[in-house]
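# Observations on chain architecture
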Amino acid sequence: MNKEMICDVAIVGAGSAGVAAAIAAAKNGAKTLLIESSSVIGGDLLSGLPIDGCRTTAGEWIVGGVFRELLDLCEELGGYIGSIYDRRNIWVVMVNPRIMGFAVLKLLAKYDVELLPYTQVDSVVRADGSLTKLMGKSKTDNYEITAKQYIDCTGDGDVAYLCDVPYEMGDENGELQPMTMVFQIRNIHPQEVLSFVLEHPENCGLGENPNSPKTAKELAQELYDLGIPKVFFSGNGPLMKKAIEEGELHSCSMMAFNPNATDLSVVTVNTTRLVTKDCTSADVLGTSMLELVEQVENAYRFIKKYIPGCQDAILDGVAPRLGVRESRRILGEYYLTGEEVSGGVKREDGICKGGHEVDIHGKGEKHVRKTIKNAGSYDIPFGCLIPRGMNNLLMAGRCLSADRVAHSSARVMGTCMGMGQAAGTAAAMCARENIRPGQLEIGQLREILRQQGAILDGTD
């Protein structure tokens, strides 16, 4: 059946950026439609991964607004684990992913966002640099979706790609950061794990913050005293290195434990990796899933065998979708560079902040990490969210306009939610005033973002 849908703002992709964009657009008076090709509303927010990029290495909060509202609801529902410094280099936010999924749906309902799941946007109609329709398909219906403003939050930049907006992808050889299959284990004994960290800090990533004078041993003691098993086992440490050399474990740079239950006996594990030159085609994704399952099995056996406190661990499933770190980087009206990110550059046209380290995962044990200047933050200009040559299309999330180094920092969920709030707010303003994003008064946008809790000022 053919169906026509009309709205003020149509958002494609319901990951962290898309959810934030939809809530922000609706809060600012726009009739808002959120379109998602699956049923995973919230994307990687539901993976059990820590939400990075919400605080600087120095500990300052740099993401608020919609994210804070969602976090407060998670806490009200009993799903907020906490925010801690991992004693390596970053502050993380930890939540129960199942409760986060419930909180996302409650907040979308609160603001009357219309949700269209199981719908794939497969073509567009455009004229003179403007989108006029999105064409989508579900199992039973064909949709023609007309909006005043559109936002691409697909992660892969699918809508911009369909509009023939130029993009970059991968490194100089076309290789992307590795995909990962995050898995969950339960029934660990957290204090035993932390005792092992205290006794063998050489196995862990500790003390990478160049602004901290503390030794790995001192930091291990702090982590032990804290009692939260947010542990980063290093691929260069003797424990993992030996297992990799002997074929017991896949080649990797890390194995990160991320608590996601209030009793701290449940953790998600981020360690698997598979490098490809394409993560947008279904056949590559399917093959990758099957390869990564074997890595999950080997990692689980390694954990039970070698990490004290995990001898009774039970494999408790995998994340609802593959973790994709990098695909298309859509070229926009502004191109954020690694130098600006590393240097903590602030801008008068900044619409959100990033503070996660430069974080480029590579093949096997390769991993480039660099702290932002002064353990602080940088600003993302509005132009990074405007695809080149488009009059009524914005983008938010990891498809932002940036080079590969800048992207490696900005791709994380906290920063994506900041971008999403900015894009949703801007789209609602443009729809109301019948103007293009490029005509929007940035000062006015920044003021509304501040009023609605976004953090744009006051950080290093």
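See the structure shown above.
Residues numbered from 1 in each chain as written. Predicted model: local features only at pLDDT ≥ 70, side-chain atom pairs only at ≥ 80, totals over all residues. Heavy atoms only, no water.

## Re the overall build of the chain
For the chain, the helix and strand inventory stands at 12 helices and 20 strands. Here the chain has a C-alpha radius of gyration of 21 Å; the compact-globule value for 460 residues is 23 Å, and the two agree. For the chain, the spread of C-alpha atoms along the principal axes amounts to about 65 × 50 × 45 Å. A total of 460 residues make up the chain; the buried ones form 63% of that total. Long-range pairs, those at least 24 residues apart, make up 74% of the contacts in the chain with a sequence separation of at least 6. Surface accessibility of the chain: about 17,100 Å² in total, with carbon and sulfur atoms responsible for 49%. On the chain, the mean spot of the 46 positive side-chain charges and the mean spot of the 59 negative ones are 0 Å from each other. (Helix = DSSP H or I, 4+ residues; strand = E, 2+ residues; numbered from the N terminus. Rg over C-alpha atoms; globule rule 2.2 N^0.38 Å. Buried < 20%, exposed > 50% of the residue type's maximum accessible area, 1.4 Å probe, protein only. Contact = heavy atoms within 4.5 Å. Areas by Shrake-Rupley, 256 points an atom, 1.4 Å probe, with all protein chains shown as cover. Lys, Arg positive; Asp, Glu negative; His and termini not counted. Charge placed at Lys NZ, Arg CZ, Asp CG, Glu CD.)

## A short note on the nonpolar core
L45, I51, M100, I151, I351, I380 and F382 are the most contacted members of the largest nonpolar core, which has 80 residues in total. Among the elements that take part in this core, helix α11 (residues 413-433) stands out by supplying 11 residues, more than any other. In this structure, L176, L219, I303 and A313 belong to the second largest nonpolar core, which totals 41 residues. (Core = buried A, V, L, I, M, F, W, Y, C linked by side-chain atoms within 4.5 Å.)

## Comments concerning the packing of helix α1 (residues 16-27) against helix α3 (residues 97-110)
Their axes nearest at 9 Å, the elements α1 and α3 cross at an angle of 25°. As summarised for this structure, α1 and α3 are arranged roughly parallel, according to the angle between their axes. Between α1 and α3 lies a crossing whose hand is left-handed. Taken together, the residues of α3 that come into contact with α1 (itself represented by V19, A22 and I23) are V104, L107 and L108. For the contact of α1 with α3, the class distribution of residues is 6 nonpolar, no polar and no charged. (Axes fitted to C-alpha atoms, helices over the stretch in contact; angles between N-to-C directions. Parallel < 35°, antiparallel > 145°, perpendicular 65-115°, else oblique. Left-handed = near helix turned anticlockwise from the far one by under 90°. Nonpolar A, V, L, I, M, F, W, Y, C, P; charged D, E, K, R; others polar.)

## Focus: the pairing of strand β1 (residues 2-12)
Of the pairings in the sheet, the one linking β1 to strand β8 (residues 142-152) comprises 10 bridges and is parallel in character. Within the sheet, the bridge partner assigned to K3 lies in β8 and is Y143. Two strands pair when backbone bridges link them, and β1 and strand β2 (residues 32-35) are joined in this way by 4 bridges, in the parallel orientation. Each residue of the ladder has a partner; that of V12, found in β2, is I35. (Pairing = 2+ DSSP bridges.)

## Regarding the sheet that holds strand β11 (residues 232-234)
Strand order in the open sheet formed by 5 strands is β11-β12-β13-β10-β14, with antiparallel pairing between adjacent strands. Looking along the sheet, the strands with just one partner apiece sit at the ends: β11 and β14 (314-318). Taken over all neighbouring pairs, the strand axes of this sheet differ in orientation by 25° on average, direction set aside. Sheet topology note: the strand β12 (residues 254-259)/strand β13 (residues 266-270) ladder contains 4 bridges and is antiparallel.

## Some points on the side chain of T119
Along the chain, T119 falls in the loop between β5 (114-116) and β6 (120-127). On the accessibility criterion, T119 (2% relative accessible area) is buried. Setting aside residues no more than four positions away along its own chain, T119 makes contact with I35, E36, S37, G136, K137, S138 and Y143.

## Some details on the packing of helix α5 (residues 190-199) against helix α6 (residues 216-226)
Closest axis-to-axis distance for the α5/α6 pair is 8 Å, and the angle between their directions is 170°. Our classification of the angle between α5 and α6 gives roughly antiparallel. Packed against α5, whose contacting residues are Q191, L194, S195, V197, L198 and E199, the element α6 presents K217, A220, Q221, L223 and Y224 at the interface. Among the residues forming the contact of α5 with α6, the class breakdown is 6 nonpolar, 3 polar and 2 charged.

## Some points on helix α2 (residues 66-76)
Looking only at α2, the buried set comprises V66, F67, E69, L70, L71, L73 and C74. On its buried face, α2 sits against α1, β3 (80-85), β4 (91-95), α3 and α11. Looking one or two residues past α2, G78 carries a phi angle of roughly 85°, positive in sign.

None of this, on its own, says anything about what the molecule does.
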